[in-house]
Amino acid sequence: RGEGKKEEKILGFRLVWFNSKYRKTNMKNIKHTTAAELAAAVELLRRSARHRVLKRLPEPFSNLPEDLPDDHRICVIVDVETTGLNPASDAIIELGLMWFVVDTDGNVISHATPISWLEDPGVPLSQTITRVTGLKDDDLAGTRLDVPRIKQIFDRADMFVAHNAGFDLGFMERRFPSVVVKPWACSLQEIPGKELGLPCCSLGHLLMEHGHFFNGHRAAADVWATFQLLQMSEADRLNVVPDADTQ
């Protein structure tokens, strides 16, 4: 028995060593791979029913034409990171906003890049919040939301959008009461997940269903991801999944 355990440990060490060496070798090869070779590999995997390729969302960018139609509407995407789940006892530690403009048909005709602010809650963060957001007490020390700038954006908004708006609205109403008088849309609750056959409607999962991924749980990243999701269609999602008989 003792020899068996020793052999298992040795074999385990050999496997770990082999996998480590294999990864290092392949990372070197990847660095020397051309864009055309990577594109060909992605296309090969994309056509296979046994694999799925996810593409990182594009980096945030703005599109700000000088002229807008008179009947345009301004929408503001909102996301908050907080010390907990209870708006009555917890506090906002990060607020992310992004405004975009739509025409009468709902087409996006202009958009800014996401902006975000941190705020010191005055209490230590829990390990759970730090693990989820990556934020630490030192990151928040002495920080404050730019309330005048935020109110200026809110005053221009015709409507607000959030993923799981009920959560964000609870904290926003307490800090910025005026936001409740304008309409809110929710990209979580207003997507008919069951009808579309979606097992989960989290932001990350919905993007994955459309062939994308992002690093979430920071306010600016989440509002940009929500903006990208709002422009994706059911056709985009169906095109991600290859035919069952594709090899």
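The structure presented is a predicted model; accordingly, all values stated were derived computationally and were not measured.

Draft legend 1. Fine view of the pairing of strand E4 (residues 108-111). Pairing between strand E3 (residues 92-102) and E4: 3 bridges, direction antiparallel. If you follow Phe100 over to E4, its bridge partner there is His111. The turn joining E3 and E4, which pair antiparallel and follow one another in sequence, is formed by 5 residues; a positive phi near 85 degrees is taken by Gly106.

Draft legend 2. Just the side chain of Gln228, in detail. Tracing the backbone shows Gln228 in helix H8 (residues 219-230). Residue Gln228 is classed as buried on the basis of its relative accessible area, which comes to 13%. The residues contacting Gln228, other than those within four sequence positions of it, are Leu57 and Pro58.

Draft legend 3. A look at helix H5 (residues 147-156). Here H5 has its buried residues at Ile150, Ile153 and Phe154. End-on view of H5: buried residues confined to an arc of 100 degrees, all on one side of the axis. Exposed and oriented more than 90 degrees from the buried face of H5 are Pro148, Asp155 and Arg156. On its buried face, H5 sits against strand E2 (73-82), E3, strand E5 (115-118), strand E6 (159-162) and helix H6 (165-175).

Draft legend 4. How the structure looks around the side chain of His111. In this structure, His111 sits in strand E4. A polar contact is formed between the side chain of His111 and the backbone oxygen of Phe61, at a distance of 3.2 Å. Excluding its chain neighbours within four sequence positions, the residues that come into contact with His111 are Phe61, Ser62, Asn63, Leu64, Met98, Trp99, Phe100, Trp224 and Phe227.

Draft legend 5. Here's a closer look at the nonpolar core. Leu95, Leu97, Phe154 and Met172 are the most contacted members of the largest nonpolar core, which totals 32 residues. For this core, the secondary-structure elements that each account for two or more residues are E2, E3, H5, E6, H6, strand E7 (184-186), helix H7 (203-209) and H8. Within the second largest apolar cluster, 11 residues are counted, among which are Val102, Val161, Ala185 and Phe227.

Draft legend 6. Structural view of the environment of Ala185. Along the chain, Ala185 turns up in strand E7. When its relative accessible area of 16% is taken as the criterion, Ala185 is described as buried.

Draft legend 7. Highlighting the packing of aromatic side chains. For the coordinates displayed, the defined rule picks out 7 aromatic pairs. On the numbers, 5.4 Å between centres and 90 degrees between planes, the contact of Phe154 with Phe176 is edge-to-face. Linking Phe154 in helix H5 with Phe176 in the loop between H6 and E7, this pair joins segments that are 22 residues apart in sequence. On the accessibility criterion, Phe176 (2% relative accessible area) is buried. An aromatic cluster is present here, built from Phe61, Phe100, Trp224 and Phe227 joined pairwise through their rings. The lysine or arginine in question, Arg156, covers the ring of Trp99, its NZ or CZ lying 5.7 Å from the ring centre.

Draft legend 8. Representation of the layout of surface pockets. There is about 560 Å³ of room inside the largest pocket. As for the largest pocket, its lining consists of 25 residues, of which Asp79, Glu81, Phe167, His217 and Asp222 are closest to the centre. Sorting the residues of the lining of the largest pocket by element identifies E2, helix H3 (127-133), H6, H7 and H8 as the ones contributing at least two each. The element that contributes the greatest number of residues to the lining of the largest pocket is E2, accounting for 5 residues. Per-class residue counts for the lining of the largest pocket are 10 nonpolar, 11 polar and 4 charged.

Draft legend 9. Up close: unusual backbone geometry. Located in the positive-phi region is Asn164, a residue other than glycine, with phi close to 70 degrees. In this structure, Asn164 sits in the loop between E6 and H6. A relative accessible area of 32% places Asn164 in the partly exposed class. Positive phi values are uncommon outside glycine, yet His217 reaches one of about 70 degrees. Its location among the elements puts His217 in the loop between strand E8 (212-213) and H8.

Draft legend 10. Examining the pattern of salt bridges more closely. According to the stated counting rule, one finds 3 salt bridges in the structure shown. Of the charged contacts, one joins Arg47 and Glu43 as a salt bridge, the two residues approaching to 2.7 Å between their closest N and O atoms. Among the residues examined, Glu43 registers a relative accessible area of 27% and is labelled partly exposed. Across the pair Glu119 and Arg175 runs a salt bridge whose closest N-O atoms are separated by 2.3 Å.

Rules of the game
- Counting restarts for each chain, with residues numbered from 1 along the sequence as it is written.
- Selection of residues for local features in this predicted model requires a pLDDT of at least 70, selection of side-chain atom pairs for listing and counting requires 80 or more, and totals for whole chains, interfaces and linings are taken over all residues.
- Only hydrogens and water are removed before side-chain values are computed, so all heavy atoms of the structure are retained for them.
- Each pair of strands is called paired provided DSSP finds at least two bridges between the two strands.
- What counts as a helix is a DSSP run of H or I of at least four residues, what counts as a strand is a run of E of at least two, and both are numbered from the N terminus.
- Buried means the residue's accessible area, taken with a 1.4 Å probe over protein chains only, is under 20% of the maximum for its type, while exposed means over 50%, and partly exposed covers the values in between.
- Note on definitions: a residue-residue contact is assigned when non-hydrogen atoms from the two residues lie within 4.5 Å.
- This arc is built from the directions going out from the helix axis to the C-beta atoms.
- Two N or O atoms form a polar contact when they lie within 3.5 Å of each other; inside protein one atom must be a possible hydrogen donor and the other a possible acceptor, and for residues adjacent in sequence the pair counts only when both atoms belong to side chains.
- Grouping buried Ala, Val, Leu, Ile, Met, Phe, Trp, Tyr and Cys residues that are joined through side-chain atoms within 4.5 Å yields what is termed a nonpolar core.
- Pairing of aromatic side chains here covers Phe, Tyr and the six-membered ring of Trp, requires ring centres within 6.5 Å, and sorts the geometry by plane angle: under 30 degrees stacked, over 60 edge-to-face, intermediate tilted.
- Over a ring means this: the NZ of a Lys or the CZ of an Arg is within 6 Å of the ring centre and within 35 degrees of the ring normal.
- Both cavities and pockets are sets of points on a 1 Å grid over the protein atoms alone; in a cavity a 1.4 Å probe fits but cannot get out, in a pocket the set is open with protein on both sides within 12 Å along at least five of seven lines, and lining residues sit with an atom within 4 Å of a point.
- Grid points are joined across faces, edges and corners, and a volume is the space filled by probe spheres set on the points.
- Following the grouping adopted for this structure description, the nonpolar residues are Ala, Val, Leu, Ile, Met, Phe, Trp, Tyr, Cys and Pro, the charged ones are Asp, Glu, Lys and Arg, and the polar ones are all others, Gly among them.
- Criterion for a salt bridge: a side-chain nitrogen of Lys or Arg within 4 Å of a carboxyl oxygen of Asp or Glu.

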